[in-house]
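# Survey of secondary and tertiary structure
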Amino acid sequence: SKVVKYLQRLPSHFNVKIILGKLYQHPDLLEKLCRVHLSCNYEVLISPEHFPELLSKSSFGIFGTGIVTYEAMCLGVIPFNFGISDFHTLKGSLIEEKGAGFYVGDLRKSDLLIDFIEKIQEIYKNDELASSIRNNAMNLIDGDSQSRIIAAIKKEIINPYNLQS
């Protein structure tokens with residue numbers, strides 16, 4: 001629901017598909033929030049069978065920094081990632097550090113790290129930027145992603161406060 005409130009700043013010419021998993025517990029509430037807050041065209045879909053096709057036709061996606069983020073990046077979809085755990089923050093930050101997408105922030109906290117609506121509009125106006133992000137994403141998806149995530153986790157465990165030795 002926090003994400004829907006952020007989306008209210010999208011221009012009316014945007015078309016948004018909000019895709020929920022079949023275990024999402026409050027689709028009626030989300031639908032109501034969309035009616036109240038969104039001025040753009042939107043559709044709420046619950047576990048659509050044609051999800052891969054929907055994803056492949058998207059320019060960008062707003063994700064929970066899970067496996068769908070990587071699937072989207074493989075399809076050239078620019079990810080904007082939210083976290084709901086420290087692990088999500090770690091993965092989202094790694095993706096942003098590599099220039100392959102954006103980490104928006106942790107939904108458990110109130111502050112966002114970036115104004116992602118502004119960033120979405122910037123990407124729409126700049127094909128060169130969008131192309132660069134897509135290329136970085138393809139370079140990141142090289143079969144070694146898990147090793148990078150494990151290295152980042154080890155670094156956090158060994159030196160959680162990033163202290164200099």
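The present account deals with the structure reproduced in this document. These numbers come from a predicted model, not from an experiment.

For the coordinates displayed, the defined rule picks out 5 salt bridges. We note a salt bridge from D106 to R108, for which the minimum N-O separation is 2.5 Å. With a closest N to O distance of 3.5 Å, K119 and E122 form a salt bridge. Pair noted here: K119 and E122 are both in helix α6 (residues 116-125), with a separation of 3 residues, about one helical turn. One network of salt bridges, in which partners are shared, links D86, D106 and R108.

Approximately 1300 Å³ is the volume found for the largest pocket. Contributing to the lining of the largest pocket are 39 residues, with K17, I18, I19, I62 and F63 lying nearest its centre. Elements represented by at least two residues in the lining of the largest pocket include exactly α1 (2-7), β1 (15-20), α3 (51-56), β3 (60-63) and α4 (67-74). Sort the elements by how many residues they give to the lining of the largest pocket and β1 lands first, with 6 residues. When its residues are assigned to classes, the lining of the largest pocket shows 23 nonpolar, 13 polar and 3 charged. In this model, the second largest pocket occupies a volume close to 260 Å³. In this structure, the second largest pocket is lined by 11 residues; those nearest its centre are L90, L94, E97, A152 and K155. When its residues are assigned to classes, the lining of the second largest pocket shows 3 nonpolar, 3 polar and 5 charged.

What counts, and at which threshold
Residues numbered from 1 in each chain as written. Predicted model: local features only at pLDDT ≥ 70, side-chain atom pairs only at ≥ 80, totals over all residues. Heavy atoms only, no water. Salt bridge = Lys/Arg side-chain N within 4 Å of Asp/Glu carboxyl O. Helix = DSSP H or I, 4+ residues; strand = E, 2+ residues; numbered from the N terminus. 1 Å grid on protein atoms, 1.4 Å probe; cavity = no way out; pocket = protein on both sides within 12 Å on 5 of 7 lines; lining within 4 Å. Points joined across faces, edges and corners; volume = space filled by probe spheres on them. Nonpolar A, V, L, I, M, F, W, Y, C, P; charged D, E, K, R; others polar.

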